[in-house]
Amino acid sequence: MKKTTRRIVSLCLTLVIVALLSLNVFAENKRVDVEVLQSTVPVDRSLDGREGSDDIVFYTGPTYPWYRIYIYNDSNVDYKVNITDSQGNNQGIRWIDPHDDIEITNENAADGMRVVNVSSRDGSALKGRIRVKIATSKSGLE
């Protein structure tokens, strides 16, 4: 019984010493610098709607509340662009002419998921590109 008690006390003392040492290490290195980029590009890809429609999802939040969506239509038909938020609220509908492009920038700071649906007027396969840039400020989208 004495050996068991000694082992438990020894283990407890070891744990206390390790805990105190790690507190000292963390206390000495408690400042952590995190660099936040002014902007980033979460989406940059080809449109992939073989059946005439493609949903592209991206997220905004407190760090990156501003977004700019660039879409290029490389087909011979009009594309409809519909943006919704995570609750399904419509954030805007735009049309892109064939072989043309558009840029859409939000007017107010956004927070949460955004879904960009791109669909061809006649249901044909999509051909083009989408790029989404998010930023810490509206001027960061330039």
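Conventions and cut-offs
- Residues numbered from 1 in each chain as written.
- Predicted model: local features only at pLDDT ≥ 70, side-chain atom pairs only at ≥ 80, totals over all residues.
- Heavy atoms only, no water.
- Core = buried A, V, L, I, M, F, W, Y, C linked by side-chain atoms within 4.5 Å.
- Buried < 20%, exposed > 50% of the residue type's maximum accessible area, 1.4 Å probe, protein only.
- Helix = DSSP H or I, 4+ residues; strand = E, 2+ residues; numbered from the N terminus.
- Contact = heavy atoms within 4.5 Å.
- Pairing = 2+ DSSP bridges.
- Axes fitted to C-alpha atoms, helices over the stretch in contact; angles between N-to-C directions.
- 1 Å grid on protein atoms, 1.4 Å probe; cavity = no way out; pocket = protein on both sides within 12 Å on 5 of 7 lines; lining within 4 Å.
- Points joined across faces, edges and corners; volume = space filled by probe spheres on them.
- Nonpolar A, V, L, I, M, F, W, Y, C, P; charged D, E, K, R; others polar.
- Polar contact = N/O pair within 3.5 Å; in protein donor to acceptor, adjacent residues only side chain to side chain.

Moving on to the nonpolar core. Ranked by size, the top nonpolar core spans 22 residues in total, and within it Ile69, Ile71, Val81, Val116, Val118 and Ile130 carry the most contacts. Residue assignment for this core shows that the elements contributing at least two residues are strand 2 (53-60), strand 3 (66-73), strand 4 (79-85), strand 6 (100-105), strand 7 (112-120) and strand 8 (128-135). Isoleucine 69 has contacts with Phe58, Ile83, Ile102, Glu103, Ile104, Val116, Ile130, Arg131 and Val132, leaving out every residue within four places of it along the chain.

Each strand in a sheet pairs with its neighbour through backbone hydrogen bonds, running either in the same direction (parallel) or in the opposite one (antiparallel). The four strands lie next to each other as 1-8-3-6, forming an open sheet whose pairing is antiparallel. The open sheet has two edge strands, strand 1 (39-46) and strand 6, and neither has a second partner. Sheet twist, expressed as the average angle between the axes of neighbouring strands with direction ignored, equals 10°. As defined by bridge partners, strand 1 adjoins strand 8 across six bridges and the pair is classed as antiparallel. Counted as the bridge partner of serine 39 is alanine 135 from strand 8.

This part covers the layout of surface pockets. Rolled over the atoms, a probe sized like a water molecule indicates the empty space that remains. Taken as a whole, the largest pocket holds about 160 Å³ of empty space. Along the walls of the largest pocket sit Tyr67, Ile83, Gln91, Ile104, Thr105, Asn106, Glu107, Asn108, Ala109, Ala110 and Arg114, which together make up its complete lining. Among the residues forming the lining of the largest pocket, the class breakdown is five nonpolar, four polar and two charged.

Further remarks concern the environment of aspartate 74. Here aspartate 74 lies in the loop between strand 3 and strand 4. For aspartate 74, a relative accessible area of 25% gives the class partly exposed. Remark: the alpha-carbon pair of aspartate 74 and leucine 126, spanning 52 residues in sequence, is separated by 8.2 Å. Sequence-distant contacts of aspartate 74, that is, excluding residues within four places in its chain, are made with His99, Lys127 and Gly128. At 3.3 Å, the side chain of aspartate 74 and the side chain of tyrosine 72 are in polar contact.

In this section: the sheet that holds strand 2. Ordered by their spatial adjacency, four strands build an open sheet running 2-7-4-5, and the pairing between neighbours is antiparallel. Two strands close off the open sheet at either side, each with one partner strand: strand 2 and strand 5 (90-96). Between one strand and the next, the sheet's axes are offset by a mean angle of 15°, whatever the strand orientation.

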